[in-house]
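Spelled out from the first residue to the last, the chains are:
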Amino acid sequence: MEPVMLVEHVTRRFGGGEIEVVAVRDVSLTVGPGEIILIMGPSGSGKTTLLLMLGGLLKPSEGRIRIGQDDLTQLDERRLPEVRLHRIGFIFQDFNLLSSLSALDNVALVVQLTGLSRRAARRRARALLEQLGVGHRLNFLPEKLSGGEKQRVAIARALVNEPDIILADEPTANLDSRRGQETMQLLRRIAKEGMRSVIIVSHDERIKDIADRVLWLEDGSFTTPPKGGDGKGPNAPPRDGDAVV
Amino acid sequence: MFHLAWRNLLQSRIQFFLGVGGVAMALLLMLSLDALLAGSEQDLVAYIYQSGADIFVAQEGVRNLHMAASAISVQDMRRAARVEGVASASPILYTTGVVETDEADVLSYIIGFDPREPLGGPRTVVVGTARLKRGEAIIDNAVARSQGVELGDEIEILGETFTVVGLTEGLTNIINSVTFIHIDDFRALRRGDAISYALLAVEPGYDPTEVAAAIEARNEDVTALPREVFAREERQIIKDMSVEVIYIMNLAGLLIGLAVTALTLYTSTLRKRQEYGVLKAMGAQNRHLYTVVAVQAFLSLMMGAAVAIGLVWLMGLVLPQVVPGTAMALTQAGVVRVLTAALGIGVVAALVPAWQMARLDPAQVFRS
């Protein structure tokens, strides 16, 4: 099956000369349709830098990242937002909902960016929010929502344009254990139903269960996990260049 | 994006009211001065319109009343009266002087008119009579109210005592008032046979402009102007006298409006930096974000302008009641000028936030 995302020998350097820092070093990764990958690693290991590159928000110093036929490393800066809008969904650590908009409008706005009318966008957003169990909170501002509800709205926002891949940055960091588990199970279910791939960057060991593969990133490279980690994602067939743990 | 801009604008009520209020005050500064001058212009020419004259004949080169000294002979007036199309010619004597009441001195146009003549006298006497005799005067109601003068009271005009027998309406403006006395009294004070202006009525079917030109063609010692031209020249005096004040006040209003709007937009953009970064990360183009800033600027400025226009309109109703002799007239030109200024402010004020947006790195959302 055609991979959704192909990452080939990606390296990212910051600075130059003696102060050069290699944040990500020769990372390769293949993401299949509907696959859920959890990338773990200590602070400063390069997880966020990698996520930024996967999301087309940062250019690699070397290597290639492809989503379908689009090569993110070659795309013009003006084309990148379009690719992000249609092919990538983002879930942020702090939910990052727009504080002045209701739950419904937060989701609908992303659809409107594609050029759809506000009415059509709201219709689509409403259906998704109801599917995610927050249909009773459509007109609530983010400040009136619980952490779990905010995260569901954030998930709806990431899914609403039916992207090929969803990138989640520490999605459970602001949720308690139970809500974190529930939300991630929900994300897994929705992703699997729509055959959408998910890459999660997290410190949270408790969400290993939802991942098809768990990768350990340290010093910018995929490597073996530290002692004590169970090192196994549930269905984790190794792929070229992946350091599967 | 319109909805987001609107919601962002209303999110912080205090900031919203401060922003719109600040803009409104700045535009009010511009518009109120404009309205005050427009009102003054209207009031200043009230006598010209109320006199009933179609043409004003003055000494050659004199084109208005305010601060002008005109002297023509009775023969000049008669020559003008003989021109085809002239129905009647009435003389007036005119000077700017002080009307002394028990309360204070009031600057006034002093008009000496002949009650037997069809033109020149007051046409809006609301109390008393317009048929004054020698030793009598007619003053404006606003002056009477402000100075506590009633019919039968004595006032001093050009050093002589007169009894008030009538009160007019609408002949007091921010600069002065209009006071009428008998032409013979005026002549006695001035000594001499000259008159200041001849006020002409034109027969139906004749064009005052053509008649005025014919009068000038016959007598090069006089200037004859149709009422509209004479009034325009009078208004121009006010404009010329106030052009620098207008310029300074407009500039002040423009700068205050710009500062308020720019600061409001800048702080709003700064406060929403993270959220705009999220939008960019999710695929919003710069033009989407520019739209948010532009709509916010446009809405707050238009609301500010609407508030300013509303306030000036209200002031126009209230001010003449509170301060007699003042008038505010909201003109189309004034409103257009303020709206144009508001748009200009919006464009300039949105530049910095737009630049901030353009430079905003969406990756910062993940680093925060």
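Everything below is about the structure printed above this text.
Computed from a predicted model, the values in this text were never measured in an experiment.

> Is there a simple way to explain the overall build of chain B in this structure?
Of regular secondary structure, chain B possesses 13 helices and 10 strands. Looking at the 368 residues of chain B, the share that counts as buried comes to 52%. Expressed as a percentage of contacts within chain B between residues at least 6 apart in sequence, the contacts between residues at least 24 apart total 80%. Accessible surface, chain B: about 16,500 Å² in total, of which carbon and sulfur atoms supply 58%.

> Would you mind showing me how to read the interface of chain A and chain B here?
When the parts of a complex come together, some accessible area is lost, and that lost area is often used as the size of the interface. Each side of the interface is counted separately: chain A has 26 residues, and chain B has 23 residues. Together chain A and chain B conceal approximately 2,300 Å² of surface at their shared face, both sides included; 63% is due to carbon and sulfur atoms. Connecting chain A to chain B are 0 salt bridges. Here chain A is connected to chain B by 10 residue pairs in polar contact (both at pLDDT 80 or more). With 4 residues, the top contributor of residues to the side of chain A that touches chain B is helix α2 (residues 80-87) of chain A. A class-by-class count of the residues in the side of chain A that touches chain B yields 15 nonpolar, 4 polar and 7 charged.

> Help me understand the sheet that holds strand β1 (residues 5-14) of chain A, please; the structure alone is not making it clear to me.
Think of a sheet as strands paired side by side through backbone hydrogen bonds, with each pair either parallel or antiparallel. Residues and elements named next belong to chain A. Within the open sheet, the 4 strands sit side by side as β2-β1-β4-β5. Their pairing is antiparallel. Two strands lie at the open edges of the sheet, namely β2 (21-31) and β5 (70-71), each paired on one side alone. Note that β1 and strand β4 (residues 62-67) share 5 bridges and pair antiparallel. Its bridge partner being in β4, Glu 8 is matched across the sheet by Arg 64. Running over the sheet, helix α1 (residues 47-54) touches β1, β2 and β4 and is turned about 125° from β1.

> Just to check I follow, could you spell out helix α7 (residues 208-218) of chain B for this structure?
All names here are of chain B. Within α7, the full set of buried residues consists of Val 211, Ala 212 and Ile 215. The arc that holds the buried residues of α7, viewed along the axis, is 100°, so those residues lie on one side. Of the exposed residues in α7, the ones pointing more than 90 degrees away from its buried face are Glu 210 and Ala 217. On its buried face, α7 is in contact with β1 (55-59), α4 (74-81), β2 (86-100), β9 (197-202) and β10 (222-226).

> Looking at this structure, I do not really get a positive patch on the surface. What am I missing?
Residues and elements named next belong to chain B. A cluster of basic residues, Arg 78, Arg 79, Arg 82 and Arg 218, forms a positive patch at the surface. Mapping Arg 78 onto the fold places it in helix α4. On the basis of relative accessible area, Arg 78 is assigned to the partly exposed category, the value being 49%.

> Looking at this structure, I do not really get the sheet that holds strand β3 (residues 36-40) of chain A. What am I missing?
Residue and element names in this part refer to chain A. Taken in spatial order, the 6 strands make up an open sheet running β6-β7-β8-β3-β9-β10, and their pairing is mixed. Looking at the sheet topology across the chains shown, the edges are occupied by β6 (88-91) and β10 (221-223). This sheet shows a mean twist of 25° between the axes of neighbouring strands, independent of strand direction. This element, α1, spans β3, β6, β7 (165-169), β8 (197-201), β9 (213-218) and β10 of the sheet and lies at about 155° to β7. Along the sheet face, α2 touches β6 and β7 and points at about 75° away from the line of β6.

> Sorry, what's going on with a negative patch on the surface here?
Residue and element names in this part refer to chain B. Taken together, Glu 60, Glu 216, Glu 220 and Asp 221 make up a surface patch of like negative charges. Mapped onto the fold, Glu 216 is located in helix α7. For Glu 216, a relative accessible area of 30% corresponds to the partly exposed category.

> Which parts of the structure should I look at to understand the packing of helix α11 (residues 332-349) of chain B against helix α12 (residues 351-359) of chain B?
Think of two packed helices as two axes; the pair is described by the angle between the axes and how far apart they sit. Residue and element names in this part refer to chain B. Interaxial distance between α11 and α12 falls to 5 Å at its minimum, and their mutual angle equals 30°. The angle between α11 and α12 places the two elements in the roughly parallel class. Taking contact as the criterion, the partners of Val 347, Val 348 and Ala 349 in α11 are, on α12, Leu 351, Val 352 and Pro 353. Residue classes in the contact of α11 with α12 are distributed as 6 nonpolar, no polar and no charged.

> How do you make sense of the packing of helix α3 (residues 103-112) of chain A against helix α5 (residues 147-159) of chain A when you look at a structure like this?
Residues and elements named next belong to chain A. Running from amino to carboxyl end, α3 crosses α5 at an angle of 20°, the nearest separation of the two axes being 8 Å. Relative to α5, the element α3 is oriented roughly parallel. In the crossing of α3 with α5, the sense of the turn from one axis to the other is right-handed. For the pair α3 and α5, the contacting residues are Ala 103, Asn 106, Val 107 and Val 110 in the first and Val 153, Ala 156 and Arg 157 in the second. Its residues assigned to classes, the contact of α3 with α5 comprises 5 nonpolar, 1 polar and 1 charged.

> I keep staring at the packing of aromatic side chains and nothing clicks. Help me out?
Across all of its chains, the model carries 8 aromatic pairs over all chains by this definition. Centre to centre, the rings of Phe 16 of chain B and Phe 17 of chain B are 5.2 Å apart; their planes meet at 65°, and the pair counts as edge-to-face. Both rings, one in Tyr 197 of chain B and one in Phe 230 of chain B, keep their centres 5.9 Å apart while their planes meet at 75°; by these two values the pair is edge-to-face. One end of the pair, Tyr 197 of chain B, is in strand β9; the other, Phe 230 of chain B, is in helix α8 (residues 227-271), and 33 residues separate them in sequence. For the pair Tyr 197 of chain B and Phe 230 of chain B, a shared accessibility class is recorded, and that class is buried. Taken together, the aromatic side chains of Phe 56, Tyr 94, Tyr 109, Tyr 197 and Phe 230 of chain B make up a single cluster linked through ring pairs. Between the NZ or CZ atom of Arg 137 of chain A and the centre of the ring of Phe 140 of chain A, over which it lies, the distance is 4.8 Å.

Rules behind the numbers
Residues numbered from 1 in each chain as written. Chains lettered and ligands numbered in written order. Predicted model: local features only at pLDDT ≥ 70, side-chain atom pairs only at ≥ 80, totals over all residues. Heavy atoms only, no water. Helix = DSSP H or I, 4+ residues; strand = E, 2+ residues; numbered from the N terminus. Buried < 20%, exposed > 50% of the residue type's maximum accessible area, 1.4 Å probe, protein only. Contact = heavy atoms within 4.5 Å. Areas by Shrake-Rupley, 256 points an atom, 1.4 Å probe, with all protein chains shown as cover. Buried area = accessible area lost by both parts, 1.4 Å probe. Salt bridge = Lys/Arg side-chain N within 4 Å of Asp/Glu carboxyl O. Polar contact = N/O pair within 3.5 Å; in protein donor to acceptor, adjacent residues only side chain to side chain. Nonpolar A, V, L, I, M, F, W, Y, C, P; charged D, E, K, R; others polar. Pairing = 2+ DSSP bridges. Axes fitted to C-alpha atoms, helices over the stretch in contact; angles between N-to-C directions. Arc of directions from axis to C-beta. Patch = residues over 30% accessible without salt bridge, like charges linked within 9 Å, V, L, I, M, F, W, Y side chains within 5 Å. Lys, Arg positive; Asp, Glu negative; His and termini not counted. Charge placed at Lys NZ, Arg CZ, Asp CG, Glu CD. Parallel < 35°, antiparallel > 145°, perpendicular 65-115°, else oblique. Left-handed = near helix turned anticlockwise from the far one by under 90°. Phe/Tyr/Trp six-rings, centres within 6.5 Å; stacked < 30°, edge-to-face > 60°. Lys NZ or Arg CZ within 6 Å of the ring centre and 35° of its normal.

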